[in-house]
Amino acid sequence: MGRAFEFRKARKFKRWGQMAKTFTKIGKDITIAVKSGGPDPTSNSRLRAIMQNARAVNMPKVNIENAIKRATSKDQEDYKEIVYEGYGLHGVAVLVECTTDNTNRSIANVRSYFTKCGGSVGTSGMLDFIFDRKCIFKIANNGTTDIEELELELIDFGAEELFLDTEANQINIYGGFTAFGAIQKYLEEQGYEIQGADFERIPTDFKKLTEEQAADIEKLIDKLEEDDDVQNVYHNMLVE
């Protein structure tokens, strides 16, 4: 168990708290996947993974099908994926991933949240040295899988770290950003039940804060995550 495991234990993400926001997020992911790779999940591996994520959060089948249909419509807006980077109070790095049909609105909103919470938005790429972009897969733990043996197998496909999430009864697999396709293909071919697949940004350096200081950053995170254009918020805060 290494840095990724400790990171997942430490961070507090609330973006999955509201079901409506979750479904909206997945709907946008479906739109982007369909527009880039087509509506057939058998030939579109990214769409296939997103559909697995949708089922994992109990998104109704009809919602998934409707999202795919809308994505193929000429009337569907084109979404752009944009990353905003900045610092909050106490020197905490905050990275915001947005999926939007109006970039002017998104940057204006994000900048206002940072400003109101005592932070500031910086330039693109300024936090590259703080966050590593990784892919993550969550597979069902059937109780018979030898995690060490699986890790040795997956190293050849770009996996870097595996650990057992006892609370969710899942095996979490982390790999390099570009290893997503190779890991997904291996897991599917070997018959593993993929319960989630996504990308995350893992801090390489943490900013240790007191609980009182952390409350300042939580205010910023809450404002960001309430925005409909925001898909994910990452930070390097660690509460002592």
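The notes below deal with the structure included here. Computed from a prediction, not measured in an experiment: that's the story for all the values here. Residue numbers restart at each chain and count upward from 1, following the sequence in its written direction. Since the coordinates come from a predicted model, pLDDT governs what is reported: local features require at least 70, and pairs of side-chain atoms require 80 or more to be given and counted, while whole-chain, interface and lining totals use all residues. Values shown for side chains rest on all heavy atoms present in the structure; no hydrogens or waters enter the calculation.

1. Things to note about the environment of Ala-182
(1) Moving on: Runs of H or I in DSSP of at least four residues are treated as helices and runs of E of at least two as strands, each being numbered from the N terminus. The topology assignment puts Ala-182 in helix 7 (residues 180–189).
(2) Moving on: Burial classes: relative accessible area under 20% of the type maximum marks a residue as buried, over 50% as exposed, and values in between as partly exposed (1.4 Å probe, protein chains only). Overall, Ala-182 belongs to the partly exposed group, its relative accessible area being 33%.
(3) Moving on: For the pair Ala-182 and Asp-156, spaced 26 residues apart in the sequence, the C-alpha separation amounts to 9.3 Å.

2. Topic: the packing of helix 2 (residues 19–37) against helix 4 (residues 61–72)
(1) Moving on: Axis lines are fitted to C-alpha atoms, over the contacting stretch for helices. Their N-to-C directions set the angle, which ranges from 0 to 180 degrees. Close contact between helix 2 and helix 4 brings their axes to 9 Å; oriented N to C, the two are set at 45°. As far as their axial angle goes, helix 4 and helix 2 are oblique. Judged by the sense of rotation from one axis to the other, the crossing of helix 2 with helix 4 is right-handed. Of the residues in helix 4, those in contact with Phe-23, Ile-30, Thr-31, Val-34 and Lys-35 of helix 2 are Asn-63, Ile-64, Ala-67, Ile-68, Ala-71 and Thr-72.
(2) Moving on: Each residue is assigned to one class: nonpolar for Ala, Val, Leu, Ile, Met, Phe, Trp, Tyr, Cys and Pro, charged for Asp, Glu, Lys and Arg, and polar for all the others, Gly among them. The residue makeup of the contact of helix 2 with helix 4, split by class, is seven nonpolar, three polar and one charged. Note that the term roughly parallel is reserved for angles under 35 degrees, roughly antiparallel for angles over 145, roughly perpendicular for angles of 65 to 115, and oblique for everything else. By definition, turning the near helix anticlockwise from the far helix through less than a right angle yields a left-handed crossing, and turning it clockwise yields a right-handed one. We call two residues in contact whenever any of their non-hydrogen atoms come within 4.5 Å of each other.

3. Focus: the side chain of Gln-170
(1) Moving on: Here Gln-170 shows up in strand 6 (residues 170–176).
(2) Moving on: A relative accessible area of 12% means that Gln-170 is categorised as buried.
(3) Moving on: Side-chain atoms alone can form a polar contact between residues adjacent in sequence; in general such a contact is a pair of N or O atoms within 3.5 Å, and within protein one must be able to donate a hydrogen while the other accepts it. Polar contacts involving the side chain of Gln-170 include one to the side chain of Gln-195, which spans 2.8 Å.
(4) Moving on: Each residue touching Gln-170, except ones within four places of it in the same chain, is listed here: Lys-138, Ile-139, Asn-141, Phe-163, Leu-164, Asp-165 and Gln-195.

4. Observations regarding the pairing of strand 6
(1) Moving on: The element strand 6 is largely enclosed, with a buried count of seven among its seven residues.
(2) Moving on: For strand 4 (residues 131–140) and strand 6, the ladder comprises seven bridges, and the chain directions are antiparallel. Its bridge partner being in strand 6, Cys-135 is matched across the sheet by Gly-175. At least two DSSP bridges between two strands are needed for those strands to be called paired.

5. Remarks on a negative patch on the surface
(1) Moving on: Residues form patches when they are more than 30% accessible in relative terms and have no salt bridge. Like charges link within 9 Å. Nonpolar side chains (Val, Leu, Ile, Met, Phe, Trp, Tyr) link within 5 Å. Under the convention used here, a 1.4 Å probe and the Shrake-Rupley method define accessible areas, while residue burial counts only the protein chains that appear. We define a salt bridge as a side-chain nitrogen of Lys or Arg found within 4 Å of a carboxyl oxygen belonging to Asp or Glu. Positive charge is attributed to Lys and Arg, negative charge to Asp and Glu, and no charge count is given to His or to the chain ends. Note on charges: their place is set at NZ of Lys, CZ of Arg, CG of Asp or CD of Glu. Side chains of Asp-146, Glu-148, Glu-149, Glu-153 and Asp-156 sit close together on the surface and give a patch of like negative charge.
(2) Moving on: With respect to the helices, strands and loops of the structure, Glu-148 is situated in helix 6 (residues 147–155).

6. Thoughts on the sheet that holds strand 9 (residues 230–235)
(1) Moving on: The strand order across the open sheet formed by four strands is 3-1-2-9, and the pairing between neighbours is antiparallel. For this open sheet the edge positions go to strand 3 (120–121) and strand 9, each flanked by a neighbour on one side alone.
(2) Moving on: In this structure, strand 1 (residues 80–87) lies alongside strand 2 (residues 93–100), joined through eight bridges in antiparallel fashion. What sits directly across from Lys-80, in strand 2, is Thr-100.
(3) Moving on: Helix 5 (residues 103–116) rests against strand 1, strand 2 and strand 3 of the sheet, and its axis sits at about 20° to strand 1.
(4) Moving on: Its contacts with the sheet place helix 8 (residues 211–225) against strand 2 and strand 9, and it is angled at close to 160° to strand 9.

7. Things to note about the packing of helix 3 (residues 45–56) against helix 7
(1) Moving on: Direction vectors running N to C along helix 3 and helix 7 enclose 65°, while the axes themselves pass 11 Å from each other. The orientation of helix 3 with respect to helix 7, classified from their angle, is roughly perpendicular. Considering the relative orientation of helix 3 and helix 7, their crossing is left-handed. Contacts between helix 3 and helix 7 pair Ser-45, Arg-46, Arg-48, Ala-49 and Gln-52 from the former with Phe-180, Gln-184 and Glu-188 from the latter.
(2) Moving on: Residue classes in the contact of helix 3 with helix 7 are distributed as two nonpolar, three polar and three charged.

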